[in-house]
Amino acid sequence: MRAASIAATCATPPWPRWGRAVASLAIRIGCIVGMLWMPVLVGCGDDSHASAPSQRPISAAAETRALLGAIPSGGPGCAVVVVQGERPIFSAAVGQSTLDPSRPLTVDTAVDIASTAKQFTAVAVLRLVDRGVVGLNTPLSRYISELPAPIGSVTVGQALHHQSGIPDYVGLLASRLDDRVTNEDALRALIAAHDLEFKPGSQFRYSNSNYLLLGQVVERASGMSLARFLTRKVLAPAGVTARFTASSTSRSYRTTGGAWIAADPPWQTTGDGGMWMSPRDLARWAAQYWEATIGGESMTRLMLRDAVATPIGRYGTGIVEARLPDGSRMLGHDGRWGGYTTVFVVLPDERRAIVMTCNGLTADGLPVGGIDVQRLIAIWHDTDGPG
């Protein structure tokens, strides 16, 4: 991406470089939740977004169901889960997980969470750091020997915080959107690109290449596939499950000429994405941010310790920390790939999390039904519960 900041990236989509067709499929950029959070963080837009719970005439649950009610039941849809502590306080889904054959979308439907998966790769890396197997200041070439000198000189820590200057492989391989693209294909593209876009550590620029390479670091340092490491060392201890291959139980769609068409690129890259999770499991995972069981509280602190300042908050390791207008903390990372959208928001001071997954994109690139994500966050922020 040419933009040097989140705000610039989201305001100026990289269509000249990647092509409008690629952008319309919501490439796995994610805009690091900037597109979804910005109005909430700066307090702009409709003042009703910041209304106190006592001023709302209807319950948070009813308001959320009203948002979901804009989604036609016969097409792709969205699922929302809200948890308080370890207790689900809201869950609902509208629409279909697949259109042919027709299957209902539920809060247990696993979808491609795209860039929301970066936090899991980050935790895997940090677990290896904690064991002394990987070093934050160690060059990537120590683990991935075939990387050329400019890219190989980037440290693990710089890649974690998107301060590497490594070009985004998604852009390099944009012409192959409909092909089967693997980690090996991405590595070859990066080796061929050879050069960096800026001096490592000098600035922040979001690049999916960072986390794809970090996934390779995990594999080569641990001797396990990334999927196996995550399953055994991250997901299972947290009591959640995920898949690492696509399934016929869910598909994503986008509108073309008023009709829904399948929008699942057959890419098989991992580390920066490539995980399928249900909103229920994602919401359960969110508890790690207020009561960590994997690596203890030190793991959560390490994820944010060297966070980098950006226009919408501080980018840690696969997670963004920001402040709402009232000063309370918000953590999260969105994800978009094909026709999927994932919203992952944690309000750690309230021990609350809001997760939404959708499997359809409108012609404007919005989640099906045009759900107002800022409104959804505001509904559940500092409310006493669903009633």
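In this text, all values refer to a predicted model and were calculated from it rather than measured experimentally.

Draft legend 1. Broad picture of the sheet that holds strand 6 (residues 253-256). With mixed pairing, the three strands of this open sheet are ordered in space as 7-6-16. The open sheet terminates on both sides in strands that have one partner only, identified here as strand 7 (259-262) and strand 16 (360-361). Alignment of strand 6 against strand 16, held across two bridges, turns out to be parallel. Looking at the pairing, R254 lines up with L361 of strand 16.

Draft legend 2. Region of interest: the pairing of strand 14 (residues 340-347). Counted residue by residue, strand 14 has eight buried out of eight residues, so it is predominantly covered. Two elements, strand 12 (residues 329-332) and strand 14, share two bridges in a ladder whose sense is antiparallel. Residue G332 lies in a different strand from strand 14, and its bridge partner there is V345. As defined by bridge partners, strand 13 (residues 335-337) adjoins strand 14 across three bridges and the pair is classed as antiparallel. The residue bridging G335 from the neighbouring strand is T342, located in strand 14. A loop of two residues connects strand 13 with strand 14, the two strands running antiparallel in sequence, and G338 in this loop sits at a positive phi of about 60 degrees. Direction of pairing for strand 14 relative to strand 15 (residues 352-358): antiparallel, over a ladder of seven bridges.

About the thresholds
Residues numbered from 1 in each chain as written. Predicted model: local features only at pLDDT ≥ 70, side-chain atom pairs only at ≥ 80, totals over all residues. Heavy atoms only, no water. Pairing = 2+ DSSP bridges. Helix = DSSP H or I, 4+ residues; strand = E, 2+ residues; numbered from the N terminus. Buried < 20%, exposed > 50% of the residue type's maximum accessible area, 1.4 Å probe, protein only.

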